[in-house]
Amino acid sequence: MANSEAAGGALEQLPAALLATIMTKLDVSSIRSLASTCTTIRSCASQIFHFLPNFHLLDVALSINLLRPLLPPNPYLRSLKVDCSKLDDSSIEHLVRPSLHEISLLNCADFSGRLLSLIGGQCKDLRSLYLGCVAEKRGRAVHISNLEELLCGCTELKTLSLMFDISLFPRYNFARAWSLASENLTSLEIGYVSSVMVTELLSPNVGPHQPPNHLQPSILPSLQRLCLSVDYITDTMVETVSKCLINLTHLDLRDAPIIEPRVTFDLTNSGFQQINQRGKLKHLSLVRSQEFLITYFKRVNDLGILLMADRCSSMESICLGGFCRVTDSGFKTILHSCSTLYKLRVSHGMLLTNLVFLDISATSLSLTHVSLRWCNLLRNQAVISLASNLDLRVLDLRDCRNLGDEALQAISTLHKLKILLLDGSDITDAGLSYLREGVIGSLVSLSIRGCKRLTDKCISALFDPSSKQELQELDLSNLPNLSDNGIFSLAKSRVPILELRMRQCPLIGDTSIMALASMQVDDHRSHGSSLRVLDLYNCGGITSLSFRWLKNPYFPRLRWLGVTGSVNRDMVDALARSRPFLHVACHGEELGTDHWDGLYMHDNEEMDELEQWLLEGGDESDDEEMEEVENNGEMVE
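Everything quoted here is computed from the prediction, not taken from an experiment. (Residues numbered from 1 in each chain as written. Predicted model: local features only at pLDDT ≥ 70, side-chain atom pairs only at ≥ 80, totals over all residues. Heavy atoms only, no water.)

(A) Quick peek at the packing of helix H13 (residues 302–309) against helix H14 (residues 328–337). Contact geometry of H13 with H14 gives a least axis separation of 8 Å together with a crossing angle of 15°. If you check the angle between H13 and H14, you find them roughly parallel. The element H13 and its partner H14 pack so that their crossing is left-handed. Seen from H13, the contacting residues are Asp 302, Ile 305, Leu 306 and Ala 309; seen from H14, they are Ser 329, Gly 330, Thr 333, Ile 334 and Ser 337. Considering only residue class, the contact of H13 with H14 consists of four nonpolar, four polar and one charged. (Axes fitted to C-alpha atoms, helices over the stretch in contact; angles between N-to-C directions. Helix = DSSP H or I, 4+ residues; strand = E, 2+ residues; numbered from the N terminus. Parallel < 35°, antiparallel > 145°, perpendicular 65-115°, else oblique. Left-handed = near helix turned anticlockwise from the far one by under 90°. Contact = heavy atoms within 4.5 Å. Nonpolar A, V, L, I, M, F, W, Y, C, P; charged D, E, K, R; others polar.)

The following block contains the structure:
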């Protein structure tokens, strides 16, 4: 207390303008953390939101009552990023402001198309817009007129991401709406649209009422980046995109057919060779998802790759998913034609073998990202060859089931490796010890999900308590031989993990939760303070005892929790109410968020300062309710 008062006295001597300038460089959570240190900073923090240039709060979904004090009138606000899970149309006036240059609104399911209209009407200087899941709740809708008002009003827009289904818009009005888009638009991403609508949008001759010789002006003339999720990737759509978007450098297309595509609604060698006609593409991604149906690009083979290869020399990133007829010859053509390639991703490469990488050391390639998922013909030799790329930072070998300890020995030489994904491989505890000797100190993310031969010894094989660890994400899911003893060893290693997944582990129980809750990463952090994500879904030994350790003050930074709701539904609901900023998932969904701004990473506090401040003055009824549920459960037992 004396130190805090002394610090406050020293800070009172500083000009308020200087303190405010410093605090404008911080994120929202950091400002609230500082506010808890002394009266002077608390007073400054109460005013800082009136002229804060960036408001980014994505890991916590706030109600409008909690969000309103954080978003007072502020003519200096330029960037707004918010999770809107608990907001609706009544919140729009608090979010949409004329001063904004960047807006990112996630999970807008309870908003209607009015959101688009008001953004178009008020944000005339907007440069970047991301809208996720708009109007996905029943009773909400987005109309073509809302899109027109958005595109007509935001004349300075450069980046637009509409991450929701726009395929329901009337086709005859769709192209007309996009003719209103800013000529400055360089990046466009759409959550879902039909391939026919894309073709009609970009085709020079558009509209059923236009004369045959009428040519529309060029649509999206400055577009450089196009990312679309469509029903079918077709020759017609790919050819239209290639011909009409003359400045395109980044093309990302993904489809998820619900029935096997006919030849007129599929990609063939003919369409594949139309890609990159002007030779400007640097990033190409073509992926056939198996979300609804196990299907592949069956009409593209090595010939299609060869016909496109002459125009690939400047490509830096290639992702091909579901090309089941492409053999080693086609993939080798890519490696030898793209001299500047640094990122290679192949999924469901059913004919891809070790031979593709056998002479990779003889090429000029310097790969930094390699993903070879569901390539079941790969053996250890492929990884040994790939390891000649000493600059590799990302290596994704998930579901390559024939990879074993020899591959791990080669990977141990990659000292710059940050992300390593080995799901479903044939590795052992002894093989993982190679990583401890080589790359574990540099790894930020490691996944060994579904590696059935691993036991508790894999933890001690990986982690040395005396060594400095950078690991932040660890996936131990679906390991049938991993028990509480292994998690106890992990807790003792004091690895500063932010995301821990161990779903579908039948031997994991209450002891693991107690060990993690008591885990102290270093001498200055509170117990269990580093974990943001904890996935315990369908762990066999989790009982009501674990829920006592999941309450405050344990796991103060936890934002995502996966449990099996059927174990004790009342207790799950009580936990969710007692920790309103905790996402509790109990239906088996994968956890986490892609939008990590480094929030909730502050040292020395027993409780998240932002959460404490937002709930200031609240009662303890939720905690009492949870205790009552626990007591009732004990009586039943």
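From this point, the discussion proceeds with the structure in view.
(B) Representation of helix H9 (residues 171–178). What H9 keeps buried is the set Asn 173, Phe 174, Ala 175, Ala 177 and Trp 178. Looking at the buried positions of H9, the neighbouring elements they touch are helix H8 (144–153), strand S5 (159–165), strand S6 (187–193) and helix H10 (195–202). (Buried < 20%, exposed > 50% of the residue type's maximum accessible area, 1.4 Å probe, protein only.)

(C) Inspection of the packing of aromatic side chains at higher detail. The final tally for this structure, using the stated rule, is six aromatic pairs. Seen in terms of ring centroids, Phe 174 and Trp 178 are 6.2 Å apart; in terms of plane orientation they differ by 70°. Their pairing is edge-to-face. Separated by four residues within a single helix, Phe 174 and Trp 178 lie in helix H9, roughly one turn from each other. Residue Phe 174 is classed as buried on the basis of its relative accessible area of 2%. With a centroid separation of 5.7 Å and an interplanar angle of 75°, the aromatic rings of Phe 272 and Phe 323 are classed as edge-to-face. Placement of Phe 272 in helix H12 (residues 269–272) and of Phe 323 in the loop between strand S10 (317–321) and H14 is noted, with a sequence separation of 51 residues between them. Exposure remark for Phe 272: the relative accessible area of 0% places this residue in the buried category. The ring of Trp 374 is capped by Arg 373, whose NZ or CZ atom sits 4.1 Å from the centre of that ring. (Phe/Tyr/Trp six-rings, centres within 6.5 Å; stacked < 30°, edge-to-face > 60°. Lys NZ or Arg CZ within 6 Å of the ring centre and 35° of its normal.)

(D) Here's a closer look at helix H22 (residues 569–578). Listed in full, the buried residues belonging to H22 are Met 571, Val 572, Ala 574, Leu 575 and Ser 578. For H22, the angular spread of buried residues about the axis comes to 165°, placing them on one side. (Arc of directions from axis to C-beta.)

(E) Molecular detail of a nonpolar patch on the surface. On the surface, Leu 14, Leu 18 and Ile 22 cluster together into a nonpolar patch covering about 250 Å² of accessible area. Tracing the backbone shows Leu 14 in the loop between helix H1 (2–12) and helix H2 (16–23). (Patch = residues over 30% accessible without salt bridge, like charges linked within 9 Å, V, L, I, M, F, W, Y side chains within 5 Å. Areas by Shrake-Rupley, 256 points an atom, 1.4 Å probe, with all protein chains shown as cover. Salt bridge = Lys/Arg side-chain N within 4 Å of Asp/Glu carboxyl O.)

(F) Spatial organisation of the pattern of salt bridges. The full count for this structure, using the stated rule, is 25 salt bridges. The salt bridge involving Glu 239 is made with Lys 243; its shortest N-O contact spans 2.9 Å. Highlighted residues: Glu 239 and Lys 243, both in helix H11 (residues 235–244), separated by four residues, approximately one helical turn. Accessibility expressed as a relative area gives 27% for Glu 239, which makes it partly exposed. Taking the shortest distance from any N to any O, the salt bridge between Lys 332 and Asp 359 comes out at 3.9 Å. Of this pair, Lys 332 sits in helix H14 while Asp 359 sits in the loop between strand S11 (343–347) and strand S12 (369–373), placing them 27 residues apart in sequence. Note on Lys 332: relative accessible area 27%, which makes it partly exposed. A single salt-bridge network, built from bridges that share partners, covers Arg 449, Asp 475, Arg 503, Asp 535 and Glu 590.

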